[in-house]
Amino acid sequence: MTFWDLLFLSISGMVGSGWLFAALAGAAYAGPASLISWLLAGVFFIFIGLSYAELGSIFPFSGSLVRIDHYVHGSISNYLLGWAYLIGSATTISMEAEAIIMYTNKYLPLFSTESGYLTPLGILTAAALIGVFTAIQVIGVNIFGKVNTAITIWKFIIPTATVILLITLYLHPGNFTAYGGFAPLGWAAVFTALIPSGIIWAYEGFRQALEYAGEARNPGRDVPMALVLSIILVAILYMALETAFVGGIDWGKIYLPNSKGQYVTPIKPGDWSDLINSNWAGSPFYSELYASGIIVLVLWATILLIDAWISPAGTMGVYIGTTARSLYGLSRQGYYPSIFGNLHERFQTPWFSFIITYLIAVLFLLPFPTWYQIVSISTTATIINYLAGGPALVILRRTAPNVDRPYKAPMPLLIGLLSFVMSSMLVYWTGWPYLGYIFVITAFGLPLLILGYRKAIGMGYGEAVAFSVIFWTALIMVIYYGFVVNALPFYGYWSAFALILIGGVTYLYYRSRDDYVSKEVKASIWFIGYMIVFGVLSYMGSLGMGYIQYPWDYLIALAVSMVFFIVSVRQGFETKEIRQVKEGNLPIE
């Protein structure tokens, strides 16, 4: 893959269904001030991208994003971070398939409702779409790279043209100042909008250049360039799209459902929050263009129906590859059976991982039959993995200072700190109870590691199974009594969650038969502690029960993030794998 292939992969990973839906959701959560949300998100990802640019130049592996923490903290924390990332990546595939089906309501209403919920037939069709793009990925990354380049050019032209048409022909400047002003929902909404609106999710595709580094011709030069440039270009595009959407809102042409589900109740002008419940939510830009009544915009709305297939499809294809390569990467680290790492004899792609990717993505279609339901879970699960980048950057400058770095990030301590803190604040802005769900789901992955890694820990098969059953049973009880039926107070079920995590890790520490595995277990304490503490803070803060009000909870979260960054860096050590890299035994992937 060339630099342009990698650049277009990252752009394609970002410009998918996000541009079709996140502009409306951003306006619903923050009003016109969502423009600031887009800008902040772009800045955040620049710093996160800079840390991963150096790491990607050191480890040009396929699926390297789920493997980097292994080189600085060992197996336990790396696997939990990678498991969270896998969840986020797989749910993205489901979201893109849903996005395609949601837009078909304008001409094939049997696949989805007007508000964007997939019917059973729509779910089956989405599953078929995922199957087609999985087959394309299995056939070969070279073919997909060239096809994706063509798709990305289209994906950049269509939203750009949409911006120009709306701003020049249908701009209502009063929307930016009337109805409560530029920040009608308050300035705190600028931050709280980042996760549930899909704004952060829309940027997360920047990492695709890193995921495909193993197939790059010149990864040391091309990967960091593609990462940073793609973020800058897409940030400009998304801010322009938000401007066009907010400016194009005609409040008199938006309707809310009545008690019978019929969209006949006019929305109140300036009721930003109810945009997400309106008849525009299923196809925001199409609805805006069509409602204008201007011939050129109505015709362009038809083009958007075509793009509603192409943009999400391109991103879906990218994430199918990402998820499969994550499974491949976890297999290469010894977490999963070797079949996950087997390459197809002819196409040289991880065929079995692609099959599992397909099954996981289809499974997520069932409980979350609309784009808006799944976006927070997908976003935060992915962001959790980004916590690894900043500490790894700093630790590797200490443990492997002489390893070849085709790209070196300037001021690594500052970049590493900013990368971690910004990722951590994004995790915090998920809010309660969603962050609690995600932490529990992340903890669910620990027994999977034990089952695959049991020999290194010194466990027999029966003992590993018993550990897993006890661990999972305890977590299921926390979910049921804490989150489902609310039979326990927060301090009861979250204390139980903390004891399960601490007890499980403590057992692994004392059960380990060699000093190295014990060192890996100790090095995971930073992330175990992080989940417990941030769960408490999320519940207590302004995005939870409100015991700690804005902005004090933000400041506390910022300070706690810095503390965990220091702990994470201090717990880093020279792992066996980084020692192999220093000795020149970097594996060929």
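Above this text sits the structure in question.
The rules behind each value
Residues numbered from 1 in each chain as written. Predicted model: local features only at pLDDT ≥ 70, side-chain atom pairs only at ≥ 80, totals over all residues. Heavy atoms only, no water. Helix = DSSP H or I, 4+ residues; strand = E, 2+ residues; numbered from the N terminus. Rg over C-alpha atoms; globule rule 2.2 N^0.38 Å. Buried < 20%, exposed > 50% of the residue type's maximum accessible area, 1.4 Å probe, protein only. Contact = heavy atoms within 4.5 Å. Expected span 1.5 Å × (residues − 1). Salt bridge = Lys/Arg side-chain N within 4 Å of Asp/Glu carboxyl O. Core = buried A, V, L, I, M, F, W, Y, C linked by side-chain atoms within 4.5 Å. Axes fitted to C-alpha atoms, helices over the stretch in contact; angles between N-to-C directions. Parallel < 35°, antiparallel > 145°, perpendicular 65-115°, else oblique. Left-handed = near helix turned anticlockwise from the far one by under 90°. Patch = residues over 30% accessible without salt bridge, like charges linked within 9 Å, V, L, I, M, F, W, Y side chains within 5 Å. Areas by Shrake-Rupley, 256 points an atom, 1.4 Å probe, with all protein chains shown as cover. Pairing = 2+ DSSP bridges. Phe/Tyr/Trp six-rings, centres within 6.5 Å; stacked < 30°, edge-to-face > 60°.

Time to look at the overall build of the chain. Regarding its fold elements, the chain presents 25 helices and two strands. Since a compact globule built from 589 residues should have a radius of gyration of about 25 Å, the 23 Å found for the chain is in line with a globular shape. Along the three orthogonal principal directions, the C-alpha set of the chain runs to about 70 × 55 × 45 Å. For the chain, the proportion of its 589 residues judged to be buried stands at 62%. Of the contacts made within the chain by residues no fewer than 6 positions apart, 81% connect residues no fewer than 24 positions apart.

What follows deals with helix α1 (residues 3-14). In an α-helix, one turn spans 3.6 residues, which is why side chains three or four residues apart end up on the same side. Taking 1.5 Å per residue as the helical rise, α1 with its twelve residues ought to reach 16 Å, and the 17 Å between its terminal C-alpha atoms agrees with that figure. The buried fraction of α1 amounts to eleven of the twelve residues, a majority that puts the element mostly inside the structure. Those residues of α1 lying buried are Phe3, Asp5, Leu6, Leu7, Phe8, Leu9, Ser10, Ile11, Ser12, Gly13 and Met14.

So, about unusual backbone geometry. Following Trp432, the chain continues to Pro433 via a peptide bond in cis, the omega torsion being 10°. Mapped onto the secondary structure, Pro433 falls in the loop between α17 (412-428) and α18 (434-443). Here the residue pair Tyr550 and Pro551 is connected by a cis peptide bond, since its omega of 5° sits within 30 degrees of zero. With respect to the element layout, Pro551 can be found in the loop between α23 (525-540) and α24 (552-571). Phi is positive for Met411, close to 45°, though the residue is something other than glycine. Position of Met411 among the secondary structure elements: in the loop between α16 (389-399) and α17.

This brings us to the pattern of salt bridges. The final tally for this structure, using the stated rule, is six salt bridges. In this structure, the salt-bridge partner of Glu54 is Arg397, at a minimum N-O distance of 2.7 Å. Of this pair, Glu54 sits in helix α3 (residues 34-58) while Arg397 sits in helix α16, placing them 343 residues apart in sequence. A salt bridge links Asp250 to Lys253, with the nearest nitrogen and oxygen atoms 3.8 Å apart. Taken together, the salt bridges that share partners define one network made up of Glu54, Arg397 and Arg405.

Counting 199 residues, the largest nonpolar core has Leu275, Trp429, Phe439 and Trp494 as the members making the most contacts within it. When sequence neighbours within four positions are dropped, the list of residues in contact with Trp494 reads Trp432, Gly436, Phe439, Val440, Phe483, Met531, Ile532, Gly535 and Val536.

Turning to the packing of α18 against helix α21 (residues 490-511), a few remarks are in order. One way to put it is that α18 packs onto α21 with a least axis distance of 12 Å and a crossing angle of 25°. One element, α18, and the other, α21, form an angle in the roughly parallel class. Once α18 is placed against α21, the crossing between them reads as left-handed. Contacts between α18 and α21 involve Gly436, Phe439, Val440 and Ala443 from the first element and Trp494, Phe497 and Leu501 from the second.

Bringing the environment of Leu121 into the picture now. Looking at where Leu121 falls in the secondary structure, it is placed in helix α6 (residues 120-139). Not counting the four nearest positions on each side in its chain, Leu121 is found in contact with Leu110 and Phe111.

Time to look at the environment of Tyr491. Its place among the elements puts Tyr491 in helix α21. Residue class for Tyr491 comes out exposed when judged on its relative accessible area of 64%. In this structure, the C-alpha to C-alpha distance between Tyr491 and Ser326, residues 165 residues apart in sequence, is 35 Å.

Looking now at a nonpolar patch on the surface. Nonpolar side chains collect at one region of the surface, where Tyr107, Leu108, Leu110, Leu121, Leu124 and Trp309 lie side by side and expose about 550 Å² of accessible area between them. Mapping Leu110 onto the fold places it in the loop between α5 (75-103) and α6. The exposure class assigned to Leu110 is partly exposed, which follows from its relative accessible area of 46%.

With that settled, the discussion passes to the pairing of strand β2 (residues 263-266). Across three bridges, strand β1 (residues 255-257) lies against β2 in antiparallel orientation. Considered in β2, the bridge of Pro257 is made with Tyr263. The turn joining β1 and β2, which pair antiparallel and follow one another in sequence, is formed by five residues; a positive phi near 80° is taken by Gly261.

With that out of the way, let us pick up helix α19 (residues 446-457). A rise of 1.5 Å per residue sets the reference length of α19, with its twelve residues, at 16 Å; its end C-alpha atoms lie only 13 Å apart and thus fall more than 12% short of the reference. All of the buried residues in α19 are Leu446, Pro447, Leu449, Ile450, Tyr453, Arg454 and Ile457. Two residues or fewer past α19, Gly458 is found with a positive phi of approximately 95°.

The subject of this paragraph is the packing of aromatic side chains. Think of a pair of aromatic rings as described by two things: how far the centres are apart, and how the planes are tilted against each other in angle. One pass over the structure, following the stated rule, counts 54 aromatic pairs. Taking the centre distance of 5.3 Å and the plane angle of 40° together, the rings of Trp19 and Phe285 count as tilted. In this pair, Trp19 is assigned in helix α2 (residues 17-30) and Phe285 in helix α12 (residues 284-292), connecting sequence segments 266 residues apart. For Trp19, a relative accessible area of 1% corresponds to the buried category. For Phe285, a relative accessible area of 0% puts it in the buried group. Centre to centre, the rings of Trp432 and Phe490 are 5.4 Å apart; their planes meet at 85°, and the pair counts as edge-to-face. Here Trp432, found in the loop between α17 and α18, pairs with Phe490, found in helix α21; they are 58 residues apart in sequence, far enough to count as distant. Among the residues examined, Trp432 registers a relative accessible area of 13% and is labelled buried. In this structure Phe490 comes out as buried when scored by relative accessible area, which is 11%.

The values are spatial; any link to function lies outside them.
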